[in-house]
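Spelled out from the first residue to the last, the chains are:
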Amino acid sequence: MVQKYQSPVRVYKYPFELVMAAYEKRFPTCPQIPVFLGSEVLGESRSADGAVHVVERSCRLRVDAPRLLRKIAGVEHVVFVQKNVLNWRERTLLIEAHNETFASRVVVKENCSYSVHPENEDWTCFEQSASLDIRSFFGFENTLEKIAMKQYTANVKRGKEVIEHYLKELISQGTSHIPRWTPAPVREEDARSQPGSRQAEGTLRALGPASEAVGTDGDKLDADYIQRCLGQLTPMQESCLIQLRLWLQETHRGKIPKDEHILRFLRARDFHLDKAREMLCQSLSWRKQHQVDVLLQTWRPPALLEEFYAGGWHYQDIDGRPLYILRLGQMDTKGLMKAVGEEALLQHVLSVNEEGQKRCEGNTKQFGRPISSWTCLLDLEGLNMRHLWRPGVKALLRMIQVVEDNYPETLGRLLIVRAPRVFPVLWTLVSPFINENTRQKFLIYSGSNYQGPGGLVDYLDKEVIPDFLGGESVCNVPEGGLVPKSLYLTEEEQEQADQLRQWSETYHSASVLRGAPHEVALEILEGESVITWDFDILRGDVVFSLYHTKQALKPGPREPGARASGQLVDKGWVLGTDYSRVEAPLVCREGESIQGSHVTRWPGVYLLQWQVHSPPGSMACSLPGDVLTALHSPGPRCKLLYYCEVLASEDFRWVGPGQGGLALQCWAWRPPGAPGLCPSGGPVPPGWAQQGFEEPWSGPLSRRACPPHEALQEAGCTWPWEGGAGGPPGGRVETGRAGRPAPV
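What you are looking at is a predicted structure, and each value in this text was computed from that prediction instead of being measured.

Draft legend 1. Quick peek at unusual backbone geometry. Residues Phe27 and Pro28 are joined by a peptide bond in cis, for which omega reads 0°. In this fold, Pro28 is placed in the loop between α1 (16-24) and β3 (36-46). Not every positive phi belongs to a glycine, and Phe271 is a case in point at roughly 60°. With relative accessibility at 16%, the residue Phe271 sits in the buried group.

Draft legend 2. The side chain of Glu17, seen in detail. Along the chain, Glu17 falls in helix α1. When sequence neighbours within four positions are dropped, the list of residues in contact with Glu17 reads Trp88, Arg91, Ile178, Pro179 and Arg180.

Draft legend 3. Here's a closer look at the packing of helix α14 (residues 342-367) against helix α15 (residues 390-406). Interaxial distance between α14 and α15 falls to 11 Å at its minimum, and their mutual angle equals 35°. The interaxial crossing formed by α14 with α15 has right-handed handedness. Touching Glu342, Glu343, Leu345, Leu346, Val349, Leu350 and Asn353 of α14 are Ala395, Arg398, Met399, Val402 and Val403, all from α15.

Draft legend 4. Local environment of the side chain of Asp317. Turning to its location among the elements, Asp317 is positioned in the loop between β9 (311-316) and β10 (322-326). Look at Asp317 and you get buried, because its relative accessible area is 3%. In this structure the side chain of Asp317 is engaged in a polar contact, spanning 2.9 Å, whose partner is the backbone nitrogen of Asp319. Contacts of Asp317, omitting those with residues within four sequence positions, involve Leu323, Thr375, Arg413, Tyr459 and Leu460.

Draft legend 5. Up close: the pairing of strand β11 (residues 374-379). Most of β11 is tucked away: six of the six residues are buried. Across four bridges, β10 lies against β11 in parallel orientation. Bridging across to β11, Ile325 finds its partner in Leu377. In the sheet, β11 pairs with strand β12 (residues 411-419) via six bridges, with the strands oriented parallel. Residue pairing for β12: Thr375 is matched across the bridge by Arg413. The parallel pair β11 and β12, bridged by α15, forms a crossover whose chirality is right-handed.

Draft legend 6. Region of the structure containing the nonpolar core. Tyr309, Leu336, Leu345, Leu380, Leu388 and Ile416 are the most contacted members of the largest nonpolar core, which totals 63 residues. Apart from residues lying up to four places away in sequence, Tyr309 is in contact with Leu304, Tyr324, Leu326, Met331, Leu336, Leu345, His348, Val349 and Pro478.

Draft legend 7. Fine view of helix α8 (residues 235-251). Relative to the 24 Å expected for 17 residues at 1.5 Å per residue, α8 spans 24 Å between its end C-alpha atoms, a close match to the ideal helical length. For α8, the elements touching its buried residues are β1 (3-6), β2 (10-12), α3 (141-172), α7 (223-230), α9 (259-268) and α10 (273-290).

About the criteria used
Residues numbered from 1 in each chain as written. Predicted model: local features only at pLDDT ≥ 70, side-chain atom pairs only at ≥ 80, totals over all residues. Heavy atoms only, no water. Helix = DSSP H or I, 4+ residues; strand = E, 2+ residues; numbered from the N terminus. Buried < 20%, exposed > 50% of the residue type's maximum accessible area, 1.4 Å probe, protein only. Contact = heavy atoms within 4.5 Å. Axes fitted to C-alpha atoms, helices over the stretch in contact; angles between N-to-C directions. Left-handed = near helix turned anticlockwise from the far one by under 90°. Polar contact = N/O pair within 3.5 Å; in protein donor to acceptor, adjacent residues only side chain to side chain. Pairing = 2+ DSSP bridges. Right-handed = clockwise from strand over helix to strand, strands pointing away. Core = buried A, V, L, I, M, F, W, Y, C linked by side-chain atoms within 4.5 Å. Expected span 1.5 Å × (residues − 1).

As structure tokens, this is what we get:
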């Protein structure tokens, strides 16, 4: 594969003649470039009027490579042939160079040019391009390619510094101005007597007009612009940007993306040029198909979105990035989807991203430094299982995918505050769809850990922290809230939006009869897996319960993780002996939407059960009855839509504080007078093992270190405990400090 390099236009704020004097000081040797061992002139010629000066040199460069590679190659230095054509009339210098050593195995070509700045004749521009083609090199092709490109880019940077050094040296010696070349009268016989003049003129004609060779196109990028508006880039990163930009100018029909937008795609693909080109092309097609370029002019969010979508822009962070606040915990995602539809929500998310890019450009001009990404402050207070409504999660995953594909590297930092206990479940669902580079930008705080040193004050000025987080700034972001059902789309409107079909593909429907509950069996092979459920009660009232058993079910054996549904519990089973209840019964009313999760403690079969709710005083079946009897009975029928899923323990993995992970809000009960116990480890007081603690408690926080569900219920508190009043009598609760989520 041929490796290519293309430099930006580098500008010396000195006249061309003075720069040429500095350039000539590099020969025959240059102590400022250690790898340059020296040079000798192979040939030299001038035009009749002295305007064109051609010099051909042989240059020796030291091989900066591992000793073994030098020994195999049998050389300590390589020879390059360089041809310089200096045109004083046009004020240009064209340089061509190629390798002479190993020319049959390795082909290196370089082209450089010095020319007058198109807008300031007292400045000088420099451009450089090169290609490397390693055909064969004793089996070390890849190694040599990496060494050569690394050394070449290092010398590129050093080359400009050397010219600057010699310019300052000339000025210090009193040479600050060199007159421009002017033609002198030349007699024809004198011209014929100079044997090199025709050769110099022939070389100039072969190279073509200097202006075309140099290419003083005003649309080219210069190094100062890159540093000022795009940030500090390595020579190879600059080269990738220029090559991709040039390719777009030559092949793309339509508006060329802005440089900072192109750079985002290069960063997203670690400056792999082909991968970035493919990603950018797909995004440009997507933008054209959906007319995203005019979205900010054409999109007007519905009034309902403006009222209930709890997100908005709010000043900037401490680094000058635009700050977007999203109060997801206060937002009724299910209500919004049912009221405006998924497509309207996606359009709104895209408009936020488009506005973010626009604000980055404004902040770059305002603060005088490159700002290409924004910060998002995500407040999760109020997040609960309702937010895990499966169509909503699917829509979220789709939006994440669209943003990842078309707005890469636009998120500079994500500050997640007040993460509740349900957050690990949500994170496990969405994290596989988030790019690893993006995940590294997440900072997660649970409880009140965002307050004080190490919290928001490290990333936001105190005057910017919103008032609802204890700051001084009045935040005008909508507070969200439940969307009234009266504002929901009708079934016909939902069908037109294709939402009903998508939701029916996600959910299963079931009818529940008196005495004939509906049950779903999930086989769990290891503890600490997470069962999640989501169901809507369409008709009647039901009681939802979760059971565990190690007994074989009626349908017979299944593959691990497989599920069966219907009436599965044998009517001869005894509760407490053959199977046990692991979640307290929950009465669910008609029209309600229920979401929940359970962390399994034991392997075996877990049963999700829905049965008809019997009002007090009516006959109730504590155990499943005969299905035929239920069918012929006049009792009511209930109908529901449900979805359930198992998150395996290897996917639901979190490491403790200080290890780059998120502590799961596990709690430690400190009875009066008990010895100290910190979440990072330490001895367990006597008797605590009976309450579910491991002894000793060491290592990162885990769910195994927490008391079991039953013990907490007896103590009168919820699980996992999240701090505050209502903990076990006589003691207090300690929670783990949040950190970063471990990759899933």
